[in-house]
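# Understanding the architecture of this molecule
Chain by chain, the residues run as shown.
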Amino acid sequence: MLKTTIHKPAQPFIPAILLGVLKGYLKHPLLFMIQTAVKFKSFQKKITLDLPKEFINTAAFSAFMYLELQKRLSKNTAYEIIRVALLTNALALQQANFRTVEAERTFENLKKFQKRTNNEGITRLNTMEILEDNASRYTFRITRCLFHELFSNLRVPELTCIMCAVDNAIFSCYLPNEIVFRREKGLTICEGADACQFEIINNRS
């Protein structure tokens, strides 16, 4: 019997995942993580945005790590490393949010847990508008993105597009070949649009 439930899913141990990713690129990844965590306390105090504490603890730490990597490596290399780290961590977290272990993976469950995550998760202050919700299609848009607000405030807006890639990954792998996630180029806030548009199609219907 599982220790977790639909109402209390397991949460991935992000530090271990992050360490595993950084081992592939840094000589002393654990030392780097410890030093970054210590310095982050001072960096965190300078953030004045009124956002959920747990959101700042995770998203702002990623941004700070990106800035710290730039002190050792080129900006492009630092970006690609943090991109791998963020994608891996966020996808693991989203798998938990969508209860892939605790509940059957179905189109209806995908919609249900997406709504629940938006209402209860760390991005609960995002503004979401559902455009279509039926057995064959689920479309919605986000008009307020906390990641964009925070990363822009920290002067690393380019990190927002990584979080968009996480959406691509989770919706595409939830039920591969059964549901299709589509988003046209340019229809994200990080690309300059007013909202992020999501379209999820149920092929089985």
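Bear in mind the structure is a predicted one, so any value in this text is a computation, not a measurement.

Reading across from one edge, 1-2-4-3 is the order of the four strands in this open sheet, with antiparallel pairing throughout. Each edge of the open sheet is held by one strand with a lone partner, namely strand 1 (127-133) and strand 3 (179-182). Pairs of neighbouring strands in the sheet enclose a mean axial angle of 15 degrees, with direction left out of account. As judged from the six bridges shared by strand 2 (residues 137-144) and strand 4 (residues 196-202), these two strands associate in the antiparallel manner. Bridged to Ile-142 within strand 4 is Cys-196. The strands that helix 7 (residues 160-174) touches are strand 2, strand 3 and strand 4; relative to strand 3, the one it contacts most, it runs at about 165 degrees.

A word on the pattern of salt bridges. Overall, the coordinates contain 15 salt bridges when judged by the stated rule. Among the salt bridges present, the one from Arg-124 reaches Glu-54, with a minimum N-O distance of 3.0 Å. Highlighted residues: Arg-124 in the loop between helix 5 (107-120) and strand 1 and Glu-54 in helix 3 (residues 53-70), separated in sequence by 70 residues. For Arg-124, a relative accessible area of 34% translates into the label partly exposed. Three or more residues are tied together by salt bridges with common partners; here these are Glu-108, Lys-111, Lys-115 and Asp-133.

A covalent bond bridging the sulfur atoms of two cysteines is what the word disulfide describes. Applying the stated criterion across every chain, the model contains one disulfide. Cys-145 takes part in no disulfide bond, and the closest cysteine sulfur, belonging to Cys-196, lies 5.8 Å away. Its sulfur unpaired, Cys-173 is 16 Å from the next cysteine sulfur, which belongs to Cys-164.

Here we take up the nonpolar core. Core analysis: the biggest nonpolar cluster contains 56 residues, and Met-65, Leu-159, Phe-171 and Ile-200 have the highest contact counts within it. With ten residues, helix 3 is the largest single contributor of residues to this core. Ignoring sequence-local partners within four residues, the contact set of Ile-200 consists of Phe-107, Leu-110, Ser-136, Arg-137, Tyr-138, Phe-140, Phe-171, Ile-179, Val-180 and Phe-181.

A separate point is the environment of Thr-88. Here Thr-88 lies in helix 4 (residues 75-97). Taking relative accessible area as the criterion, Thr-88 reaches 34% and is therefore assigned partly exposed. For the pair Thr-88 and Arg-141, spaced 53 residues apart in sequence, the C-alpha to C-alpha distance is 24 Å. Setting aside anything within four residues of it in sequence, one finds Thr-88 in contact with Ile-17 and Val-21. At a separation of 2.7 Å, a polar atom in the side chain of Thr-88 contacts the main-chain carbonyl oxygen of Val-84.

Under the definition given, this model contains 15 aromatic pairs. Ring plane angle 70 degrees and centroid distance 6.2 Å describe the contact between Tyr-66 and Tyr-79, whose orientation is recorded as edge-to-face. With Tyr-66 in helix 3 and Tyr-79 in helix 4, this residue pair connects regions lying 13 residues apart in the sequence. An aromatic cluster of three or more residues is present, and its members are Phe-98, Tyr-138, Phe-140, Phe-171, Tyr-174, Phe-181 and Phe-198. One cation-aromatic arrangement involves Arg-183 over Phe-198; the distance from NZ or CZ to the ring centre is 4.8 Å.

What counts and how
- Each chain has its residues counted from 1, running along the sequence as written.
- Confidence filtering applies because this is a predicted model: local features only for residues at pLDDT of at least 70, side-chain atom pairs given and counted only at 80 or more, and all residues used for totals across whole chains, interfaces and linings.
- Just so you know, side-chain values use all the structure's heavy atoms and leave hydrogens and water out.
- Strand pairing requires that DSSP identify at least two bridges connecting the strands.
- Strands here are runs of E lasting at least two residues and helices are runs of H or I lasting at least four, both read from the DSSP assignment and numbered beginning at the N terminus.
- The axes are straight lines fitted to the C-alpha atoms, using for helices just the contacting stretch, and the angles between their N-to-C directions are given from 0 to 180°.
- The criterion used for residue contact is that any of the two residues' heavy atoms lie within 4.5 Å.
- The salt bridge criterion pairs a side-chain nitrogen of Lys or Arg with a carboxyl oxygen of Asp or Glu, the two atoms within 4 Å.
- Throughout this description, buried means an accessible area under 20% of the type-specific maximum (1.4 Å probe, protein chains only), exposed means over 50%, and partly exposed covers the range between.
- Our working definition of a disulfide is a cysteine sulfur pair at a distance within 2.5 Å.
- Buried Ala, Val, Leu, Ile, Met, Phe, Trp, Tyr and Cys residues that are joined via side-chain atoms within 4.5 Å together make up what is termed a nonpolar core.
- Any N or O atom pair separated by 3.5 Å or less is treated as a polar contact, with the protein-specific requirement of one donor-capable and one acceptor-capable atom, and with residues adjacent in sequence counted only for side-chain atom pairs.
- Geometry of aromatic contacts follows a simple scheme: Phe, Tyr and Trp rings, the Trp one being its six-membered ring, pair when their centres are within 6.5 Å, and the pair is stacked under 30 degrees between planes, edge-to-face over 60, tilted otherwise.
- A ring is scored as having a charge over it whenever the NZ atom of a lysine or the CZ atom of an arginine sits within 6 Å of its centre and within 35 degrees of its normal.

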